[in-house]
Amino acid sequence: GVTITDNVIKDNADNGIGLVGLQGGSGANLISGNIVENNGRFGIEIKTPNGNGATSGDGSIVVQNNTVTRNSS
């Protein structure tokens, strides 16, 4: 699984956080507690996820408690 937590991500030309193909089989996927500010196209972009809809455990994809501001598209 992927864990991206408690980061400050700012002033990038493109996405602040960009993820492709999150899925089950290797644990939970959690994106939480990040500050994403003044990035190019998107604050947090998740493409083609294949989670199971659960809120925790293997196959879950949880995006929570992030602060995303001033992103331009």
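Refer to the structure presented above.
Treat the numbers as computed from the prediction; the structure is a model and nothing was measured.

Caption draft 1: The overall build of the chain, seen in detail. Along its length, the chain carries zero helices and eight strands. When the helices and strands of the chain are read in sequence order from the N terminus, they spell out β-β-β-β-β-β-β-β. For 73 residues, the compact-globule formula gives about 11 Å, and the C-alpha radius of gyration of the chain, at 12 Å, lands near that figure. Principal-axis analysis of the C-alpha atoms places the extent of the chain at approximately 35 × 20 × 15 Å. Put simply, the chain has 73 residues, and 26% of those count as buried. Restricting to contacts in the chain with at least 6 residues of sequence separation, those with at least 24 account for 79%. Of the roughly 4300 Å² of accessible surface on the chain, 46% is carried by carbon and sulfur atoms.

Caption draft 2: Quick look at the side chain of E45. Secondary-structure assignment places E45 in strand β6 (residues 44-47). Look at E45 and you get buried, because its relative accessible area is 15%. In this view, E45 contacts N15, I17, G18 and L19; residues no more than four positions away in its chain are not counted.

Caption draft 3: Examining the sheet that holds strand β5 (residues 35-37) more closely. With parallel pairing, the three strands of this open sheet are ordered in space as β2-β5-β8. Bordering the open sheet on either side are β2 (8-10) and β8 (67-69), each of which pairs with just one other strand. If you compare each strand with its neighbour and ignore which way they point, the axes differ by 5° on average. Looking at chain direction, β2 and β5 are connected through three bridges and run parallel. Residue pairing for β5: I9 is matched across the bridge by V36.

Criteria and thresholds
- Residues numbered from 1 in each chain as written.
- Predicted model: local features only at pLDDT ≥ 70, side-chain atom pairs only at ≥ 80, totals over all residues.
- Heavy atoms only, no water.
- Helix = DSSP H or I, 4+ residues; strand = E, 2+ residues; numbered from the N terminus.
- Rg over C-alpha atoms; globule rule 2.2 N^0.38 Å.
- Buried < 20%, exposed > 50% of the residue type's maximum accessible area, 1.4 Å probe, protein only.
- Contact = heavy atoms within 4.5 Å.
- Areas by Shrake-Rupley, 256 points an atom, 1.4 Å probe, with all protein chains shown as cover.
- Pairing = 2+ DSSP bridges.
- Axes fitted to C-alpha atoms, helices over the stretch in contact; angles between N-to-C directions.

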